[in-house]
Amino acid sequence: MASQDIQASDGLPAPEQVRQNILVIKLGAFGNIMLSLAAFAAIRLHHATARISVLTTAAYADWLATFPYFDQVLVDPRPAWWDLGGVGRLRRMLTTGQFNRIYDLQTSSRSSRYFHLFPAKHRPEWSGIAFGCKLPDRDPRRNMLHDTERQQGQLRQAGISVFPPADLSWCRGEIGRFGLPPDFALLVPGSSPNRLAKRWPTARYESLARALTDRCITPVVIGASAETPLAAAIPSAIDLTGQTGLGDLADLARGARFAVGNDTGPMHLIATAGCPAVTLFSVDSNPAQCAPHGRWTRVLQRSDLSDLPVDAVLACLPEPVVA
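Below is a short write-up of the structure. Just so it is clear, the model here is predicted, and its values are computed rather than measured. (Residues numbered from 1 in each chain as written. Predicted model: local features only at pLDDT ≥ 70, side-chain atom pairs only at ≥ 80, totals over all residues. Heavy atoms only, no water.)

## Brief notes about the overall build of the chain
Selection rule: Only DSSP runs of H or I covering at least 4 residues are called helices, and only runs of E covering at least 2 are called strands; the numbering of each starts at the N terminus. Throughout, radius of gyration means the C-alpha value; the globule benchmark is 2.2 Å times the number of residues raised to the power 0.38. Per-residue accessibility, obtained with a 1.4 Å probe over protein chains only, is compared with the maximum for each type, and a residue is labelled buried under 20%, exposed over 50%, and partly exposed between these values. Only the protein chains shown count as cover for residues, with accessible areas throughout obtained via the Shrake-Rupley method and a probe of 1.4 Å. Counted as positive: Lys and Arg. Counted as negative: Asp and Glu. His and the chain ends are not counted at all. Every charge is mapped to an atom, namely NZ of Lys, CZ of Arg, CG of Asp or CD of Glu.
Counting its regular elements, the chain contains twelve helices and twelve strands. In summary, the chain has a C-alpha radius of gyration of 22 Å against a globular reference of 20 Å for 323 residues, a match within 12%. Counting every position in the chain, which comprises 323 residues, the buried fraction comes to 50%. Split by element, the accessible area of the chain, about 14,900 Å² in all, is 52% carbon and sulfur. Taking the 32 positively charged and 28 negatively charged side chains of the chain as two groups, their mean positions are separated by 6 Å.

Dropping the structure here:
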C-alpha cells in the first residue's frame, strides 16, 4: 500500500502522511546482488518517499551502502539457529525496525525463517516464499526462471509494475592510474575457491591473451588479490588482481572492448556496466538461471570447461579474433 493511500481510523485521509518503512533482504552473493539491481530500482521507484533499508551480510554491507536505492544498511550476523542469544539479537533488530513491508529477494530457507521472527499479530507485509506471508510468490515455475525474471514476477505479485533497467552509472572509480592503452580487453579467470569446476584452465586464458596481443588488443586480468596466482599463469596479460575497487571495475568495463570470464560475480558487474561479455559456464551452474545480463552478452558452456577450445571463445567475441 503506497503512503498516499494511508487513512486515519475514521476513514478520513490522515492529516499527515506516514512515511513507509521498507526492508529489502539480499544477503548475497556478489553476482546475485548484481542481478537484483533492477529489482532494487523498481522498489525504490514504487516507494519513492519511503525509508528503505537493506539487510545483507558483512561482506557486502559497505558496498551496498553506496547504492542509491537504500537509506540504511543492516548487517545480518547469520546466527546459528541454536545460538539463542544471536537469534534474539537478530529478532530485536528486525522487530524494532517497525517495517511496513519486507521484500525478501533472497528467498532462501534462512531468509524465509526470518518471517517467523516477527510476532504473529504484528508481522509486516512480506513478499517472498515464507509460509503464511501476505504477498507470496505463487509462480510454480519460479525455481526454473532466471534470477531477474523470477524477482520481477515476485514484485509484480506484490503490486509493483514498473521496472527500470539495471543501472550502474552511479558506480565510478579512477582507472587513469593504471595507464592502460586505448584498446584492451578484460579477462576474469577466477571464481569462488569452493567451486573450481567453474574455471576455464589458465593455460587457455594465456593462449587467448597471446591471440589478443597479436591483434593489438591488450589483455588485462582482474580479480581479487587471492587470484593473483591465476594472473601469474597468464604472463601475456597485464595483472590488475587485487588493485581494483568496484568503481574501478565498472570504469574498466566501460572502457574495454570486451570481456571474457568464468561464471563469477565480476562478470555480472562488467556486463551490467555495458561491456560486451562472453561468460564461460561448466555444468556447475545453469546460465538459464544466472547468466549475466547486459547490452551484449554471450554464453559458452561445456560440461567440463577443459573441453572448451580457445578457438571457440575467439569465434564468439563481438569482434572476432582469429588465432
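After presenting the structure, the write-up continues.
## Section: the nonpolar core
Cut-off, in case you're wondering: Definition of nonpolar core: a set of buried residues of the types Ala, Val, Leu, Ile, Met, Phe, Trp, Tyr and Cys, connected through side-chain atoms within 4.5 Å. Between two residues, a contact is recorded if the distance between any of their heavy atoms is within 4.5 Å.
Residues Phe40, Ile43, Phe67, Phe70, Leu186, Ile222 and Ile270 are the most contacted members of the largest nonpolar core, which totals 49 residues. Secondary-structure elements contributing two or more residues to this core are β1 (21-25), α1 (30-34), α2 (37-46), β2 (51-56), α3 (58-64), β7 (184-188), α9 (246-255) and α10 (265-272). With six residues, the top contributor of residues to this core is α2. Contacts of phenylalanine 70, omitting those with residues within four sequence positions, involve Val24, Phe40, Arg44, Ile52, Ser53, Val54 and Leu64. One finds Leu187, Leu208, Leu280 and Trp296 within the second-largest nonpolar core, a separate group that totals 26 residues.

## Remarks on the layout of surface pockets
As a reminder of what qualifies: Here a cavity means grid points, on a 1 Å grid over the protein atoms only, where a 1.4 Å probe fits yet cannot get out; a pocket means an open set of points with protein on both sides within 12 Å along at least five of seven lines; lining residues are those with an atom within 4 Å of a point. Grid points are joined across faces, edges and corners, and a volume is the space filled by probe spheres set on the points. Note on residue categories: nonpolar means Ala, Val, Leu, Ile, Met, Phe, Trp, Tyr, Cys or Pro, charged means Asp, Glu, Lys or Arg, and polar means any other residue, Gly included.
Looking at the largest pocket, its volume works out to about 860 Å³. For the lining of the largest pocket, the per-class residue count stands at 16 nonpolar, twelve polar and six charged. Within this model, the second largest pocket holds a volume of roughly 150 Å³. Along its surface, the second largest pocket is lined by Met34, Leu35, Ala38, Thr148, Pro165, Ala166, Ala271, Thr272, Gly274, His293, Gly294 and Arg295. Classifying every residue of the lining of the second largest pocket gives six nonpolar, five polar and one charged.

## Section: empty space enclosed by the protein
In the structure shown here, the tally under the stated rule is one cavity of 30 Å³ or more. Roughly 30 Å³ of internal volume is contained in the largest cavity. If you trace the largest cavity, you find it lined by Asp137, Asp139, Arg142, Leu145, Glu149, Arg150, Gly153, Gln154 and Gln157. Partitioned by chemical class, the residues of the lining of the largest cavity number one nonpolar, three polar and five charged.

## Things to note about the packing of α9 against α10
Where we set the bar: Helix axes use the C-alpha atoms of the stretch in contact, all axes being lines fitted to C-alpha atoms, and the angles between their N-to-C directions lie in the range 0 to 180 degrees. Working definition: roughly parallel below 35 degrees, roughly antiparallel above 145 degrees, roughly perpendicular at 65 to 115 degrees, and oblique for all remaining angles. Working rule for handedness: look at the near helix, and if it is turned counterclockwise from the far one by less than a right angle, call the crossing left-handed; if clockwise, right-handed.
Following both chains from N to C, one finds α9 and α10 inclined at 55°, their axes separated by 8 Å at the closest point. Taken together, the axis directions place α9 and α10 in an arrangement best described as oblique. Judged by the sense of rotation from one axis to the other, the crossing of α9 with α10 is right-handed. Packed against α9, whose contacting residues are Leu246, Leu249, Ala250 and Ala253, the element α10 presents Pro266, Leu269 and Ile270 at the interface. Taken together, the residues of the contact of α9 with α10 sort by class into seven nonpolar, no polar and no charged.

## Quick look at the sheet that holds strand β8 (residues 218-221)
Just so we agree on the cut-off: When DSSP locates at least two bridges between a pair of strands, those strands are taken to pair.
Ordered in space as β9-β8-β7-β10-β11-β12, the six strands form an open sheet in which the pairing is parallel. Each having just a single partner strand, β9 (238-239) and β12 (297-301) make up the two edges of the open sheet. Pairing analysis gives four bridges linking β7 to β8, with the strands arranged parallel. Directly across from leucine 186, in β8, lies its bridge partner valine 220. Helix-sheet contacts for helix α7 (residues 202-214) involve β7, β8, β10 (259-262) and β11 (277-281), and the interaxial angle to β7 is about 180°.

## Overview of the pattern of salt bridges
Operational definition: Every case where a carboxyl oxygen of Asp or Glu lies within 4 Å of a side-chain nitrogen of Lys or Arg is listed as a salt bridge.
Within the structure shown, the criterion is met by 14 salt bridges. In this structure, the salt-bridge partner of aspartate 71 is arginine 19, at a minimum N-O distance of 4.0 Å. Of the two residues, aspartate 71 is situated in the loop between α3 and β3 (72-75) and arginine 19 in the segment before β1; the sequence distance between them amounts to 52 residues. Using a relative accessible area of 38% as the deciding quantity, one classes aspartate 71 as partly exposed. One salt bridge connects aspartate 71 with arginine 44, and the closest N-O pair in it is separated by 2.9 Å. You can see aspartate 71 sitting in the loop between α3 and β3 and its partner arginine 44 sitting in helix α2, a full 27 residues away along the chain.

From the geometry alone we can't say anything about function, so treat these as descriptive.
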